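Inside the fold
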Amino acid sequence: MAEIIVAILQALVLVLVAPLFSGIARWLRAKIHTRRGPSIFQDYYDIFKLLAREDLRTANSSFVSRLMPPLYFATMLVLACGVPLFTRACPVPALGDIITIIYLLAIPRFFFALAAVDSSSAYGGIGGIRELIIGVLVEPSMMLALFVAALATGTTNIGGMGEAIGSLMQSSPVAVMVAGVAFAIACYIELGKLPYDAAEAEQEIQEGPLQEYSGPSLAMLKVAMSMKQILVIAWFLAIFAPFGSAVEFAPLAVLLGACAFSTKAGVVGIVCSLIENSVSRVRWKYMGRQTWMVVGVSVVALVFCVLGI
């Protein structure tokens with residue numbers, strides 16, 4: 001019963017905090033650029049404004065465009081119940097398997113691109129195709145790094161992997177560290193930060209599909225995309241940096257785990273902001289070279305794992 005309560009609590013907290021997380025990231029980026037920037041609560045203002053507006057769609061769009069926003073949001077809610085945020089173990093073990101999470105993350109990406117094509121907008125279609133390109137390039141390295149961690153810990157469950165790494169019981173510590181580096185880079189690409197993109201405005205190519213949405217649908221998508229960023233960070237922290245997370249589902253332990261997760265996620269967010277503000281956007285035809293470098297790092301981790309290093 002305690003696990004179910006923690007899972008529901010995680011999902012509710014994530015929905016409420018996600019706009020604040022993205023708002024702080026925008027505010028920090030503006031400060032680094034020596035600009036005044038928006039308020040950290042600007043995303044809340046935008047979401048409430050969109051909820052009060054009419055939900056419009058193009059005349060040529062089908063049920064795919066109507067289905068995509070709630071599907072995207074619902075997928076993030078499911079992931080929020082399964083990925084351990086405050087605890088070391090997964091609140092819902094069936095949702096904590098790395099293969100399940102990879103497939104769940106692929107569902108909104110596929111429908112995001114499909115809805116872009118369904119909108120009959122050339123601009124939106126280009127953005128949807130580029131979203132698929134990112135998935136094709138980053139998912140192999142992400143899966144290989146997780147495969148190495150699973151071999152070293154003997155399980156594909158996030159909670160079990162984090163428990164083994166947190167207690168230093170993995171079979172190949174060097175392989176796990178190298179896999180953690182590869183997975184961290186893959187997660188950074190998945191976050192959509194520079195140099196791989198900064199899709200925070202409708203004029204950005206990767207956010208082209210959002211130009212056909214308005215009102216509550218757009219508000220739902222903005223919340224879901226902010227939730228995805230926190231979940232990707234939580235995915236990395238739960239496996240490769242589980243230190244400080246609650247080892248039991250007692251109220252005080254969960255509260256301390258929430259404080260530890262907030263601190264770790266804040267540090268990761270600051271590091272990501274510093275990186276994206278020190279680089280320029282990479283050209284799309286060169287992006288594959290960098291992602292294949294991440295695959296190479298994952299292969300090195302696999303070799304170390306096979307050798308037992």
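Cut-offs and rules
Residues numbered from 1 in each chain as written. Predicted model: local features only at pLDDT ≥ 70, side-chain atom pairs only at ≥ 80, totals over all residues. Heavy atoms only, no water. pLDDT = per-residue confidence, 0-100. Contact = heavy atoms within 4.5 Å. Patch = residues over 30% accessible without salt bridge, like charges linked within 9 Å, V, L, I, M, F, W, Y side chains within 5 Å. Areas by Shrake-Rupley, 256 points an atom, 1.4 Å probe, with all protein chains shown as cover. Salt bridge = Lys/Arg side-chain N within 4 Å of Asp/Glu carboxyl O. Helix = DSSP H or I, 4+ residues; strand = E, 2+ residues; numbered from the N terminus. Core = buried A, V, L, I, M, F, W, Y, C linked by side-chain atoms within 4.5 Å. Buried < 20%, exposed > 50% of the residue type's maximum accessible area, 1.4 Å probe, protein only. Polar contact = N/O pair within 3.5 Å; in protein donor to acceptor, adjacent residues only side chain to side chain. Expected span 1.5 Å × (residues − 1).

**Concerning the confidence of the model for the chain**
- Taken over all residues, the pLDDT of the chain has a mean of 83, while the share at 70 or more is 93%.
- In this model, residues 198-204 is a region of pLDDT below 50 whose contacts with residues beyond four sequence positions or in other chains number 18 contacts.

**Side note on a nonpolar patch on the surface**
- Together, Val267, Val271, Ile275 and Val279 give the surface a local cluster of nonpolar side chains, amounting to about 290 Å² of exposed area.
- Among the secondary structure elements, valine 271 is positioned in helix 9 (residues 251-276).

**Regarding the nonpolar core**
- Ranked by internal contacts, the top residues of the largest apolar core, which has 80 residues, are Phe183, Trp235, Ile239 and Phe240.
- Per-element accounting of this core gives the leading share, 17 residues, to helix 8 (residues 215-240).
- The residues touching phenylalanine 183, leaving out its near neighbours within four places in the chain, are Met142, Ala145, Leu146, Trp235, Phe236 and Phe240.

**Focus on the side chain of glutamine 10**
- Mapped onto the secondary structure, glutamine 10 falls in helix 1 (residues 2-32).
- On the basis of relative accessibility, which here comes to 0%, the residue glutamine 10 falls in the buried class.
- At 3.0 Å, the side chain of glutamine 10 forms a polar contact with the backbone oxygen of valine 83.
- Apart from residues lying up to four places away in sequence, glutamine 10 is in contact with Ala80, Cys81, Val83, Pro84, Leu85, Phe86, Thr87 and Pro91.

**Looking at helix 8**
- Under the 1.5 Å per step criterion, the end-to-end length of helix 8 is 39 Å for 26 residues, consistent within 8% with the ideal 38 Å.
- For helix 8, the buried fraction is high: 22 of the 26 residues fall into the buried class.

**Side note on the environment of lysine 222**
- Take lysine 222: it is sitting in helix 8.
- Classification of lysine 222 as partly exposed rests on a relative accessible area of 25%.
- Along the sequence, lysine 222 and proline 19 sit 203 residues apart, while their C-alpha atoms lie 8.1 Å from each other.

**Quick notes on the pattern of salt bridges**
- Summed over the entire model, instances satisfying the criterion amount to five salt bridges.
- Where glutamate 190 meets arginine 109, a salt bridge forms, and the shortest distance between an N and an O atom there is 2.8 Å. Taken as a pair, glutamate 190 in helix 7 (residues 173-190) and arginine 109 in helix 4 (residues 98-118) lie far apart in primary sequence, 81 residues in all.
- Residue glutamate 190 pairs with lysine 228 through a salt bridge whose shortest N-O separation is 3.0 Å. Separated by 38 residues along the polypeptide, glutamate 190 in helix 7 and lysine 228 in helix 8 bring together distant segments of the chain.
- In this structure glutamate 190 comes out as buried when scored by relative accessible area, which is 10%.
- Among the residues examined, lysine 228 registers a relative accessible area of 10% and is labelled buried.
- Among the charged side chains, a salt-bridge network with shared partners connects Arg109, Glu139, Glu190 and Lys228.

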